[in-house]
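Examining the three-dimensional arrangement
Spelled out, the chains give:
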Amino acid sequence: MPAGRNAKRKYFQPKPGHDAKRSKREDLAAGMKGFLITCSQGNETRSVVEAYDLLNQHFDSETAKLEEASDEKNSTQPTEDDAEKAMAEELKKYNTSAGIEERKARFKAVESGCNNLIFISSAVEDPSQFALSLLTEIHSNGKGRARYVQRILPVVAVCRAELDAIKKTAELALAKFFSGPENQDKTYLILYKTRNTGITTTRDDLIEAIGSVVKSINPACRANLNDPDYAISVDVIKCLCCISVARNYAKLRKYNIHVDEESVQDKVSRVGVAKGSLETDTKTAAAPSGVVKTAMELALEDSNGTATVNTETIGEIASVAAVKGESEVLRKTTGDVVTV
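Residues numbered from 1 in each chain as written. Predicted model: local features only at pLDDT ≥ 70, side-chain atom pairs only at ≥ 80, totals over all residues. Heavy atoms only, no water.

**Let's talk about the side chain of His 139**
On the secondary structure map, His 139 appears in helix α5 (residues 127-141). A distance of 3.5 Å separates a polar atom in the side chain of His 139 from the backbone oxygen of Leu 252. The residues touching His 139, leaving out its near neighbours within four places in the chain, are Leu 252, Arg 253, Asn 256, His 258 and Val 259. (Helix = DSSP H or I, 4+ residues; strand = E, 2+ residues; numbered from the N terminus. Polar contact = N/O pair within 3.5 Å; in protein donor to acceptor, adjacent residues only side chain to side chain. Contact = heavy atoms within 4.5 Å.)

Structure, rendered in structure tokens:
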């Protein structure tokens, strides 16, 4: 009987090498920076793969733009053969193990400790600018590029979820965005959210602390709740605090990566055409008598009641008069002459 209990106890123990098949992710820690990404429930693994594709594609695109600008400045116009050779070398490097390792080093998923939330650690120097260019490109094109990823927030610093540590980290992280004469009169918005935490610091205390840090860096900065230049998001996850700085937060739909397939320009054009058509129909259907009088006064200038006007003016006067039942307005068919 004791042997059976021991055998049963061993049965539930993990087998040697069982965890080696799946490498455990590194936990979120203080000192990291990267991107805090929300996703749909139960799709964290798919969201990580999707986030890798989005970030790596945009990183390659931005790197290619910088290289092209550098080549144009330092060399002559490249030929088609040179471009093809460069593309072939880039593809060759992309498929090698060194290229794969390079892409892995750029962005690395770590355990956030929460459901529907993933954290991508990154070696990008300025996550805020990187996320701004990525979201601007997505919203300007008007085409969604993700199914599971919902929002991407650029985390500029991670620290312990203690009020003193948050203030010290914020002083270092926010100085880049609010210091200097070029950042005078910048507006900001402070957002606060907690997940799976038991800290005693209240929301009001933390927002007041971040606001005092901003004022100490640049007293001319002021709060703006509608359309701020910078949105400072403070996300407390377990015992850690992620500080994010998002530019054009309201214009980019709070950094929501999902956009309508119809572009903003198409919407503006469609609404403008509909509005113009509605105004035209309204004028034709129910024009006040003052409009007819004004049109007649503009068209009839001499004392004999005749004036030479263009065909469009005649049509407008005749149509408006017909709607209003103005029988005194008559149109002659001989030439562009209106007779009263």
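Now that the structure has been shown, the text picks up again.
**Comments concerning the pattern of salt bridges**
Using the criterion set out here, one finds seven salt bridges in the structure. Lys 176 is the salt-bridge partner of Asp 126, the closest N and O atoms lying 3.1 Å from each other. Taken as a pair, Asp 126 in the loop between β3 (117-122) and α5 and Lys 176 in helix α6 (residues 163-178) lie far apart in primary sequence, 50 residues in all. Classification of Asp 126 as buried rests on a relative accessible area of 16%. On the basis of relative accessible area, Lys 176 is assigned to the partly exposed category, the value being 48%. (Salt bridge = Lys/Arg side-chain N within 4 Å of Asp/Glu carboxyl O. Buried < 20%, exposed > 50% of the residue type's maximum accessible area, 1.4 Å probe, protein only.)

**Some points on the pairing of strand β2 (residues 107-110)**
Bridge analysis of β2 against β3 gives four bridges, and the strand direction is antiparallel. Looking across to β3, one finds that Phe 107 is bridged to Ser 122. The hairpin turn running from β2 into β3, its antiparallel successor, is six residues long, and Gly 113 in that turn takes a positive phi close to 90°. (Pairing = 2+ DSSP bridges.)

**Section: the sheet that holds strand β4 (residues 149-160)**
Strand pairing in a sheet relies on backbone hydrogen bonds, with the paired strands running either antiparallel or parallel. With mixed pairing, eight strands are arranged side by side in an open sheet as β2-β3-β1-β4-β8-β7-β5-β6. Lying at the two open borders of the sheet, with one neighbouring strand each, are β2 and β6 (222-223). Taken strand by strand, α5 contacts β1 (34-39), β2, β4 and β8 (240-247), and its axis lies near 175° from that of β4. Sitting on the sheet, α6 is in contact with β4, β5 (187-195), β7 (230-237) and β8, with an inclination near 120° to β4. (Axes fitted to C-alpha atoms, helices over the stretch in contact; angles between N-to-C directions.)

**Concerning the pairing of β3**
For a regular strand, the rule is simple: side chains alternate between the two faces of the sheet. When you tally the buried positions in β3, you get six out of six residues, the bulk of the element. Here β3 shows no split at all, with Leu 117, Phe 119 and Ser 121 on one side and Ile 118, Ile 120 and Ser 122 on the other all buried. Summarising the sheet, β1 and β3 pair through five bridges and their orientation is antiparallel. Bridged to Gly 34 within β3 is Ser 121.

**Section: the packing of aromatic side chains**
Taken as a whole, this structure holds nine aromatic pairs when the rule is applied. With centroids separated by 6.3 Å and ring planes inclined at 50°, the aromatic side chains of Phe 35 and Phe 107 adopt a geometry described as tilted. Of the two residues, Phe 35 is situated in strand β1 and Phe 107 in strand β2; the sequence distance between them amounts to 72 residues. You'll find Phe 35 and Phe 107 in the same group, each marked buried. Connected via pairs of aromatic rings, a cluster forms that spans Phe 35, Phe 59, Phe 107 and Phe 130. (Phe/Tyr/Trp six-rings, centres within 6.5 Å; stacked < 30°, edge-to-face > 60°.)

**Quick look at the environment of Gln 150**
Here Gln 150 is to be found in strand β4. Once the C-alpha coordinates of Gln 150 and Leu 117 are considered, the two residues, 33 residues apart in sequence, prove to be 9.9 Å apart. With residues near it in sequence (within four places) discarded, Gln 150 still touches Thr 38, Cys 39, Ser 40, Tyr 255, Asn 256, Ile 257 and His 258.

**What to know about the environment of Gln 184**
Along the chain, the position of Gln 184 falls in the loop between α6 and β5. Overall, the relative accessible area of 41% leaves Gln 184 in the partly exposed class. Contacts of Gln 184, omitting those with residues within four sequence positions, involve Asn 218 and Ala 220.

**Some remarks on helix α7 (residues 203-217)**
The periodicity of an α-helix, 3.6 residues per turn, causes residues three or four positions apart to be oriented the same way. Here α7 contains 15 residues, and its C-alpha end-to-end distance of 22 Å stays within 8% of the 21 Å for a straight helix at 1.5 Å per residue. Residues Leu 206, Ala 209, Ile 210, Gly 211, Val 213 and Val 214 constitute the buried set of α7. For α7, the elements touching its buried residues are α6, β5 and β7. (Expected span 1.5 Å × (residues − 1).)

**Considering the side chain of Asn 183**
Structurally, the position occupied by Asn 183 is in the loop between α6 and β5. Within the local environment of Asn 183, its side chain forms a polar contact with the backbone oxygen of Ser 179, the two atoms lying 2.7 Å apart. Residues in contact with Asn 183, not counting those within four places in the same chain, are Lys 176, Phe 177, Phe 178, Asn 218, Cys 221 and Tyr 230.

**Here's the deal with the packing of α6 against α7**
Remark: α6 packs on α7, axes separated minimally by 9 Å, with the N-to-C direction vectors making an angle of 40°. As the angle between them shows, α6 and α7 are arranged oblique. For the element pair α6 and α7, the recorded crossing hand is right-handed. In this structure, α6 uses Leu 163, Ile 166, Lys 167, Ala 170, Glu 171, Leu 174, Ala 175 and Phe 178 to contact α7, whose residues at the interface are Asp 205, Leu 206, Ala 209, Ile 210, Val 213, Val 214 and Ile 217. Of the residues that constitute the contact of α6 with α7, the class distribution is 12 nonpolar, no polar and three charged. (Parallel < 35°, antiparallel > 145°, perpendicular 65-115°, else oblique. Left-handed = near helix turned anticlockwise from the far one by under 90°. Nonpolar A, V, L, I, M, F, W, Y, C, P; charged D, E, K, R; others polar.)

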